[in-house]
Amino acid sequence: MSLPSQRRAMLVLLVMSGLIISICMGLRQSLGLFMRPMTLEFGISAATFGFSIALQNIVWGVSQPFVGAVADRYGAKPVLIATAFIYAAGLLLMVFANAVPGGLHIAGFLAGVGTAGTGFGVLIGTVSRATTQEKRTTTVGIVAAAGSLGTMVIAPIGQGLIDGFGWKEAMVAFAVLAASMAVLSLAIREQPLAAGASTAARLSVGDAVREAMAHRGYLFMTLAFFACGFQLVFLTTHLPAYLQLCGIAPGVGATALALIGLFNAIGTYIFGLLGARYSQKHLLALIYLLRTVFIIAFLLVPVAPASTLIFAAAMGFLWLGVVPLVTGIIGRVFGLTHFNTLYGVVFLSHQVGSFFGAWMGGVVFDRMGNYDFAWSALIVIGVAAFMLQWLMDEKPPAEHVPAARPAPA
């Protein structure tokens, strides 16, 4: 392939990856808008709805290493197409959830598998392989930033559709949008491994996972990522309902989600740039710490539209800045041969946190009538994540192998 053709293909890869991730994450982060109308119409509790979202997140996490391994072996395109249609089927099933036994939870399962294929895990690995190490965090930051804009657009559209036509019609529109990711995937052409981006060691998938799991720094980063999922999915699932309990109009919740998307794009791009110049592990730790500080500040002031939107902007700025930093560390420490698989294992921890964040919020509200305990849990877990990430060991595994002793004379 000639150099101009490679550049065009790379540009298409970046643009389409950004669009697909934008749609995927925008849909996922806007599902909290449906909690109130669905619980009222179906007569289900907040905990039941929260468990469905939690199930979606845990299935996303559990399936991510396997979906990533398939993409590592067969390429991203077939995985993207298949999982886009699975995602659409899950959203469409939510409309008929009351007519199908366990329908809401089956829908959550399907949406979880769909998100594993069309979200960050597969596409960020594809982009990382096509980028040199020096430009990797910046390029991933650009793609992730573009992907962050989906919430800014989709959340207000979703709320408008719910208000104008009803939640079922809005969910059908979401399903059509999910299916469109399969069409966008057709334009993607995977690029050859960039110069300097290969890994010297050619381990099997099992050996690569075992090597990573024996690495203390990898384990610390994986545990810290639990807090990321716990905090963020609690907010996307329960913040609109919490605001309505505080007397804030529903439109403010949708606007808050849109602001998260806008500032998410800005923050992700900036952290991608910073990750190319400064310690990635320390930047990650600061993200966890600052999120926790802003949560505390939000709880200390009276809840009002202005304070809510400021909080949303601050959290949005820190939302997905973790993506270029985590992917940068994995690629630098372990190489790119099994990148999607190793990222999937780390992301599983994130999704376990997401599961408990979404489910715990619903359980706490049903039992206590408020979210006080849930907010406290977000703070404690955030502080723990900061400490784990700050202390992370980021030396490659080879540097931990002691040098062989010279043979006796």
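Definitions and cut-offs
- Residues numbered from 1 in each chain as written.
- Predicted model: local features only at pLDDT ≥ 70, side-chain atom pairs only at ≥ 80, totals over all residues.
- Heavy atoms only, no water.
- Salt bridge = Lys/Arg side-chain N within 4 Å of Asp/Glu carboxyl O.
- Helix = DSSP H or I, 4+ residues; strand = E, 2+ residues; numbered from the N terminus.
- Buried < 20%, exposed > 50% of the residue type's maximum accessible area, 1.4 Å probe, protein only.
- Axes fitted to C-alpha atoms, helices over the stretch in contact; angles between N-to-C directions.
- Parallel < 35°, antiparallel > 145°, perpendicular 65-115°, else oblique.
- Left-handed = near helix turned anticlockwise from the far one by under 90°.
- Contact = heavy atoms within 4.5 Å.
- Nonpolar A, V, L, I, M, F, W, Y, C, P; charged D, E, K, R; others polar.
- Core = buried A, V, L, I, M, F, W, Y, C linked by side-chain atoms within 4.5 Å.
- pLDDT = per-residue confidence, 0-100.

A few words on the pattern of salt bridges. Between side chains of opposite charge, a pair can form as their charged atoms come close. For the structure on display, the rule yields three salt bridges. Glu 41 is the salt-bridge partner of Lys 168, the closest N and O atoms lying 3.1 Å from each other. Taken together, the positions of Lys 168 in helix α8 (residues 167–185) and Glu 41 in helix α2 (residues 35–42) put the pair 127 residues apart, joining distant regions of the chain. Lys 168 sits in the partly exposed class, given a relative accessible area of 29%. In this structure, the salt-bridge partner of Arg 210 is Asp 207, at a minimum N-O distance of 2.6 Å. Taken together, the positions of Arg 210 and Asp 207, both in helix α9 (residues 205–213) and three residues apart, correspond to about one turn of that helix. Arg 210 gets classed as exposed once you look at its relative accessible area, which sits at 55%. Assessed through its relative accessible area of 36%, Asp 207 is described here as partly exposed.

Quick look at the packing of helix α11 (residues 250–275) against helix α13 (residues 305–317) now. In the contact formed by α11 and α13, the axes pass within 6 Å of each other and the chain directions differ by 30 degrees. Classified by the interaxial angle, the pair formed by α11 and α13 is roughly parallel. Crossing angle aside, the handedness with which α11 passes α13 is right-handed. Contacts between α11 and α13 involve Val 252, Thr 255, Ala 256, Leu 259, Ile 260, Phe 263, Asn 264, Ile 266, Gly 267, Thr 268, Ile 270 and Phe 271 from the first element and Pro 305, Thr 308, Leu 309, Ala 312, Ala 313, Gly 316 and Phe 317 from the second. Residue composition of the contact of α11 with α13, grouped by class: 13 nonpolar, six polar and no charged.

Before going further, it helps to spend a moment on the nonpolar core. Residues Phe 34, Met 38, Leu 91, Phe 120, Met 171, Met 221 and Trp 375 are the most contacted members of the largest nonpolar core, which totals 124 residues. Beyond its immediate stretch of four places on either side in the chain, Leu 91 contacts Leu 27, Leu 31, Met 171, Phe 174, Ala 175 and Ala 178.

What follows covers the confidence of the model for the protein chain. Per-residue pLDDT for the protein chain averages 84, and the proportion of residues at 70 or more is 92%. Confidence scores differ between elements of the protein chain, with helix α6 (residues 120–129) showing the lowest mean pLDDT of 80 and helix α12 (residues 280–300) the highest of 95. Segment residues 196–200 is flagged for pLDDT under 50; beyond a separation of four residues in sequence, or across chains, it makes nine contacts in the model. The model gives residues 402–409 a pLDDT under 50, and that stretch makes zero contacts with residues more than four places away or in other chains.

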